[in-house]
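If you want the building blocks of each chain, they are given just below.
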Amino acid sequence: MERFSFDLQTVLNLRLQEEEKAMNEVAAKEAEYQRALQGRSHLEKSLITFLQEQRHARASQSALSFRHSVSWRRDIQSSLREKDRELADIHRDICRAQERLNEITQKRKILEKLREKKEYQWKRKYARKEQEFLDELAQNQFRQHRDEASL
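Source: prediction; values computed, not measured.

Asks: An account of a positive patch on the surface is requested, with residue identities and associated values reported.
Replies: Positive charge collects at one region of the surface, where Arg 124, Lys 125, Arg 128 and Lys 129 lie side by side. Position of Lys 125 relative to the elements: it lies in helix 2 (residues 63–150). Classification of Lys 125 by relative accessible area gives partly exposed; the value is 38%.

Asks: So, the nonpolar core: which residues are in play, and what are the values?
Replies: Within the largest apolar cluster, 5 residues are counted, these being Ala 22, Val 26, Ala 97, Leu 101 and Ile 104. Every element with two or more residues in this core is listed here: helix 1 (9–57) and helix 2. Ranked by the residues each element gives to this core, the list is headed by helix 2, at 3 residues. Setting aside residues up to four positions removed in sequence, Leu 101 forms contacts with Glu 19, Ala 22, Met 23 and Val 26.

Asks: Quick rundown of the packing of helix 1 against helix 2? Include the residues and the values.
Replies: Between helix 1 and helix 2, whose axes approach to 8 Å, the crossing angle comes to 165 degrees. Comparing their axes, helix 2 and helix 1 come out roughly antiparallel. As for how helix 1 packs across helix 2, the hand of that crossing is left-handed. Split into classes, the residues belonging to the contact of helix 1 with helix 2 amount to 23 nonpolar, 10 polar and 19 charged.

Asks: Got a sec to walk through a nonpolar patch on the surface? Specific residues and values, please.
Replies: Taken together, the side chains of Leu 8, Val 11 and Leu 114 present a nonpolar region at the surface, about 190 Å² in accessible area. With respect to the secondary-structure elements, Leu 8 resides in the segment before helix 1.

Asks: Before we move on, can you summarise the pattern of salt bridges with the specific residues and values?
Replies: Taken as a whole and assessed by the stated rule, the structure comprises 11 salt bridges. Measuring nitrogen to oxygen at the nearest pair gives 2.3 Å for the salt bridge that ties Glu 19 to Arg 108. One end of the pair, Glu 19, is in helix 1; the other, Arg 108, is in helix 2, with 89 residues separating them in the sequence. Between Glu 86 and Lys 83 there is a salt bridge, and its shortest N-O distance comes to 3.5 Å. With Glu 86 and Lys 83 both in helix 2, this residue pair falls 3 residues apart, about one helical turn. We classify Glu 86 as partly exposed; its relative accessible area is 32%. What emerges from the salt-bridge pattern is a single network uniting Glu 19, Arg 108 and Glu 112.

Rules of the game
Per-chain numbering applies: the sequence of each chain, read as written, is numbered from 1 onward. Restriction of local features to residues with pLDDT of at least 70 applies here, the model being predicted, together with a cutoff of 80 or more for giving and counting side-chain atom pairs; totals for whole chains, interfaces and linings are based on all residues. Water and hydrogen atoms were dropped before computing side-chain values, which therefore reflect all heavy atoms in the structure. Like-charged residues are merged into a patch within 9 Å and nonpolar side chains (Val, Leu, Ile, Met, Phe, Trp, Tyr) within 5 Å, provided each residue has over 30% relative accessible area and no salt bridge. Accessible surface is estimated by sampling points in the Shrake-Rupley manner with a 1.4 Å probe; for residues, cover comes only from the protein chains shown. Take a side-chain nitrogen of Lys or Arg and a carboxyl oxygen of Asp or Glu: if they are within 4 Å of each other, that pair is a salt bridge. We treat Lys and Arg as the positive residues and Asp and Glu as the negative residues; His and chain ends play no part in the count. Where a charge lies is defined by one atom per residue type, namely NZ (Lys), CZ (Arg), CG (Asp) and CD (Glu). For helices the rule is a DSSP run of H or I covering at least 4 residues; for strands it is a run of E covering at least 2, with both sets numbered from the N terminus onward. Here's how the labels work: a residue is buried when its accessible area is under 20% of the maximum for its type, exposed when over 50%, partly exposed in between, all with a 1.4 Å probe on protein chains only. We define a nonpolar core as any set of buried Ala, Val, Leu, Ile, Met, Phe, Trp, Tyr and Cys residues linked to one another through side-chain atoms lying within 4.5 Å. A contact between two residues is defined here by any heavy atoms of the two lying within 4.5 Å. Axis definition: a line fitted to C-alpha atoms, over the contacting stretch in the case of helices. Angles run 0 to 180 degrees between N-to-C directions. Roughly parallel means an angle under 35 degrees; roughly antiparallel, over 145; roughly perpendicular, 65 to 115; everything else is oblique. Here is the rule for handedness: rotate from the far helix to the near one, and if that takes an anticlockwise turn smaller than a right angle the crossing is left-handed, while a clockwise turn gives right-handed. All amino acids are sorted into three groups, where Ala, Val, Leu, Ile, Met, Phe, Trp, Tyr, Cys and Pro are nonpolar, Asp, Glu, Lys and Arg are charged, and the leftover types, Gly among them, are polar.

Everything listed here is a matter of coordinates, which is why it stays silent on function.
Following this line, the structure appears as structure tokens:
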């Protein structure tokens, strides 16, 4: 009996590797997003802490230190806006990477379905040949018993 072979197995293997790379890319982008989110959270906590400290120290604050505190607060707020833009860019990259992964997965699934179909056809063909052999064997035994009985 000949073994089942799929002519496009190499292409299927390449698609599997491509899909794995795309999954790794999505995971890397999601990790980058989490790091940026943590950085933003750290900035936000710094701002909240600073504002709380400023509320308590307003009465004893000089004009120069007040000016510095306003400047520092604006810097943190500007950094927060920059982090928000960075998060939006990373999120957009994640969406693109996931779309690419979906396309690659669809292409792989198409090949896998084709492989399954070819394997099913091969099994049916093999089963038919096996059944033909068994039928022929049964006919030969029947003839042999019939010939022996007639003698």
